[in-house]
Structure formats: structure tokens, C-alpha cells
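# Architecture and fold: a report
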Amino acid sequence: MDFSFPPEVEDFRAEVRTFLAENLTEEMIAATHDGTIHAPALHAAMAERGWLSGPVPEELGGAGRGALASVVLNEEMQLARAPIDAMAVSIVVASILLEHGSDHLRTEVVPRLLDGSALGCFGYSEPESGSDVAAAKTRAERDGDEWVINGAKMWTSLAHVADYVILLTRTDPDVPKHKGLTFFLVPLDSPGIEIRPVPTMAVERSNATFYDDVRLGDEWRVGDVDGGWAVMKTALKYERGITGGQFPSPPVIEAAIDWAENHERSDGTRPIDDPTVRERLVRALIDVEVCRGFAYHTAALAEEGAMFGVEGSMTKLFASEAYKKHCRWFQDLMGVDGLLTHHNPDAHLGGRIEENLRHSPVTTIYGGTSEISRNLVAEGHLGLPRIR
Ligand SMILES: Cc1cc2nc3c(=O)[nH]c(=O)nc-3n(C[C@H](O)[C@H](O)[C@H](O)COP(=O)(O)OP(=O)(O)OC[C@H]3O[C@@H](n4cnc5c(N)ncnc54)[C@H](O)[C@@H]3O)c2cc1C
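All of the points below concern the structure found in this document. Computed from a prediction, not measured in an experiment: that's the story for all the values here.

### Brief notes about the nonpolar core
- Grouped together as the largest cluster of nonpolar side chains are 50 residues, with contacts concentrated most on Leu97, Tyr124, Ile149, Ile166, Leu185, Val186 and Val222.
- Taken together, the elements giving at least two residues each to this core come down to helix H5 (85–100), helix H6 (103–114), strand E1 (120–123), strand E3 (146–153), strand E4 (164–170), strand E5 (181–187), strand E7 (205–217) and helix H7 (228–240).
- Tallying contributions element by element places H5 first for this core, with eight residues.
- Other than its neighbours up to four places away in sequence, Tyr124 contacts Ile96, Val133, Lys153, Ile166, Leu168, Phe183, Met232, Ala235 and Glu239.

This is how it looks when you write it as C-alpha cells:
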């Protein structure tokens, strides 16, 4: 088996590394401690290179750089600890609009998402529906030529910096739940929208968003009326596929190795001298290789035109669970040092392991929880019966 990438993909990897060395600053990484996983200057520099339109297929108007290049871009950005959430979400929103959006959305909004002048965010989950996203209650009702939207969304991450939310609504409450859904793209400066912060135990800020008689023209509809479930499938395909975060562990392992090699214990030994510590580090590095295997396999399927299905869920499940496990292992090894937070000047590498430990659980929740991912793998890969 030949696991090497085509030369043009490796050339692109080298270009990304050079770009990050020149454009990603410590200040940008530090700015994410306020909970907003977005660096506007970096985003703009990437847009200028056409990298935001890169993953969008050529036939849909993107640069069609291919899935392998996309996964390499994600990998290098995460290895460098560059904020990627706003970039990944905006690319997914643009891709959904290109597949299902009206002419208005494709010509007016998509170019702004891809040139970096606007950001999108996801409005699927509600206080009473997350895993069972099709149970959404936010109503969209026709009033003449307009739609009127009323309801509440929970966990609308990035809404406080985004320009548009792609919103899942209920247009027909009298049919089975998957059949009465419709998507809209809603400008977040529309009258009637309120955005309230939802802090998480990690650095990440999310939001609750409220829609009170928000009026929209039909040009803001995405996909068919009551055809929202087809749009949702496209959205999840992109989110769980090649644009997500499959490489969260390496910066944490890097911090753990640095600590193990440089921390001197009271008996004069270093943690790296301890075979138990070395074994944990090696096991974590092996997990990263498995993550690479999953992510590259998913990308290779997409590159061959066989759009991945359950493979995206496998990748996401393995990477997020491994990340959570690694953070726990390393904090455990570090003892009290592992409890020092970012704000403590004595914290090792700015408290990177402690902060990631608090962040890691949410990666096993958003984009589909681990239990939901296991269900999908059980049904889609192992052929086990559907239980819902
Ligand atoms: C930090 C953060 C950011 C997020 N960002 C966004 C965003 O930007 N946009 C957005 O729309 N959503 C976002 N979400 C929402 C996220 O997608 C949901 O939280 C997630 O899908 C779970 O839904 P829930 O919270 O309603 O939990 P529930 O669906 O109520 O699940 C509760 C528990 O039950 C389990 N469970 C549920 N159903 C099953 C089943 N059938 N089989 C087995 N176990 C099951 C779940 O795995 C979980 O452990 C975010 C969430 C977080 C925490």
C-alpha cells in the first residue's frame, strides 16, 4: 500500500506551512482565549489566497482543490493551533447554499462567504432538540410574499460574529417530523433577532438565539418548502466529513512531551524517564496515526467521487474520543501542575493541557454526539438493525 499523497498535495502542504509561519501569530492564538474561535486577519489572508473556496467543488463554482488538499489544510492548521471553526463553518454554509440555495443566495451571499467578507453559522439545535434535530419547533409561516419566523435556537456558535445563520424551521407541524421542515438563510442583523451568550466550561463561547416575528422574502429560502431534511443531510455530510476537526490531539501531545522532557521531579528524574509516561505518549501518538488513517480514507473516498457516508462519523468519533482521553491521561500524569490554568503564570505552556481538557468534551457533542456516531457506525458499517 502506498500512503503517500500526490506531489501537488504535498506541495500544497508545504505552502500552508509557510503561510502559517508567516501569518499565524501568537496573538491570534491567544485571542481565542476569549472564547471566539476566529482570527479575522488570518481568515482574510486565507480568503485572499482562494483557500476558502478551495474545498467547494468546481461544478458548484468553487476552486475544487479536492478533498485531500482540504484535509491537509485542516491538519496543518490544527497542528499549528490556528483557529479553524469560523473558516470550517463558513465553508460548509457556502457549500450547502451552492447545492440547495436560490439564485439570490448563490450570487449575493456565497461570494461573500468565500471571499471572507462574511461569516455563517449553524442554527439547527433547539433547547428541546439536538440529537433528534428533526424535532425542531421554530416556526416559519407564510404571510403574503414573506415568511415570518418565530422560535428559539440553542448552541448557535459564532452567531455573535457571524453575518448569516442557516436556520432549520418547521413549516408544516401536521406531517411526520422529517417532512415538515424548511431551511432559510437569515441575515443576523434582521429585526427581531436576539443573540445571548452561552459560556461553556471550555474557552468556547456559544449562543442562544431568539427569533421574534423575523420577516424574510422567499429568496432567503434554502431548498424546497418542506424539503429541509434533504438540506440537513447535505449539511451533516459536509460537517462530519472533511471540514471538521480530526487532529485536535497533536498540540496536546506536544505539550505533554515538552513537560515530560523538561520537568524535573524532586528526586532529580524527569517524567520521560518513567516507562509508564513513555507508554502513554506513544499510545497517544499511535491514536493520532489512526486519526490520520480515518481522515485520509474519508478524503480519498470524497476525492474518488464516492461521497463518504458513515466514514465521516467514524473519523469524528475516533478523533474526539481520543482527544478527550489524551487530555485526561496527561493531566493525570502532571498531577497538580496539570490543574494550572491559562491565567496562571506558572502554568506549563500557558495551561494548554488544562484548557484542552475542558474543551475536549464538547468535541464529542457538537456535530453529533459520540452515541449518535456509534449508532450511525453500527447501522451503516456493521449492518446492525436500526433502533430508533
Ligand atoms: C459547545 C457546543 C457548540 C455547539 N454548536 C452548535 C451550533 O453551532 N449549531 C447547532 O445547531 N448546534 C450546536 N451544538 C449542539 C449540538 O449539536 C447538540 O448539543 C448535540 O447534537 C446533542 O444534542 P442535545 O444537546 O440536545 O442533547 P440530547 O440530544 O438531548 O442528548 C442527550 C444525551 O442523550 C444521548 N442520546 C440522544 N439520542 C440518542 C440515541 N438515539 N441513542 C443513544 N444516545 C442518544 C446523547 O448522545 C447525549 O449523551 C453545539 C453544542 C455544544 C455543546
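### Thoughts on the site of the ligand
- Neighbouring the ligand are 18 residues; Ser125, Ser131, Trp155, Thr369 and Glu371 lie closest to it.
- The element that contributes the greatest number of residues to the shell around the ligand is helix H12 (residues 370–380), accounting for three residues.
- Counted by class, the shell around the ligand contains seven nonpolar, eight polar and three charged residues.

### Looking at the packing of aromatic side chains
- Applying the stated criterion across every chain, the model contains eight aromatic pairs.
- Taking 5.4 Å as the distance between ring centres and 80° as the angle between the ring planes, the aromatic pair formed by Phe12 and Trp51 counts as edge-to-face. Here Phe12, found in helix H1 (residues 7–23), pairs with Trp51, found in the loop between helix H3 (40–48) and helix H4 (67–79); they are 39 residues apart in sequence, far enough to count as distant. Across the pair, Trp51 and Phe12 agree in class, each one buried.
- Each ring, one from Tyr124 and one from Phe183, has its centre 6.0 Å from the other, and the planes form 85°; the classification is edge-to-face. Of the two residues, Tyr124 is situated in the loop between E1 and strand E2 (139–143) and Phe183 in strand E5; the sequence distance between them amounts to 59 residues. Each member of the pair Tyr124 and Phe183 is classed as buried.
- Each member of the aromatic cluster is reached from another via a ring pair, and the members are Phe12, Phe19 and Trp51.
- Cation over ring: Arg196 sits above Phe210, and NZ or CZ is 4.3 Å from the ring centre.

### Brief notes about H12
- Ser370, Ser373, Val377, Ala378 and Glu379 are the residues of H12 that are buried.
- On its buried face, H12 sits against helix H10 (310–334).

### Focus on the side chain of His43
- Examined against the element boundaries, His43 turns out to sit in helix H3.
- Under the relative-accessibility criterion, His43 is labelled buried at 5%.
- Dropping the residues within four chain positions of it, His43 is found in contact with His38, Leu52, Ala86, Met87, Gly116 and Leu119.

### Here we look at the pairing of strand E6 (residues 193–199)
- Of the strand pairs in this sheet, E6 and E7 are connected by seven bridges, and their pairing is antiparallel. Paired with Val198 across the bridge in E7 is Ser206.
- The antiparallel pairing of E6 with E7 creates a hairpin that spans five residues between the two strands.

Analysis parameters
- Residues numbered from 1 in each chain as written.
- Predicted model: local features only at pLDDT ≥ 70, side-chain atom pairs only at ≥ 80, totals over all residues.
- Heavy atoms only, no water.
- Core = buried A, V, L, I, M, F, W, Y, C linked by side-chain atoms within 4.5 Å.
- Buried < 20%, exposed > 50% of the residue type's maximum accessible area, 1.4 Å probe, protein only.
- Helix = DSSP H or I, 4+ residues; strand = E, 2+ residues; numbered from the N terminus.
- Contact = heavy atoms within 4.5 Å.
- Near = heavy atom within 4 Å.
- Nonpolar A, V, L, I, M, F, W, Y, C, P; charged D, E, K, R; others polar.
- Phe/Tyr/Trp six-rings, centres within 6.5 Å; stacked < 30°, edge-to-face > 60°.
- Lys NZ or Arg CZ within 6 Å of the ring centre and 35° of its normal.
- Pairing = 2+ DSSP bridges.

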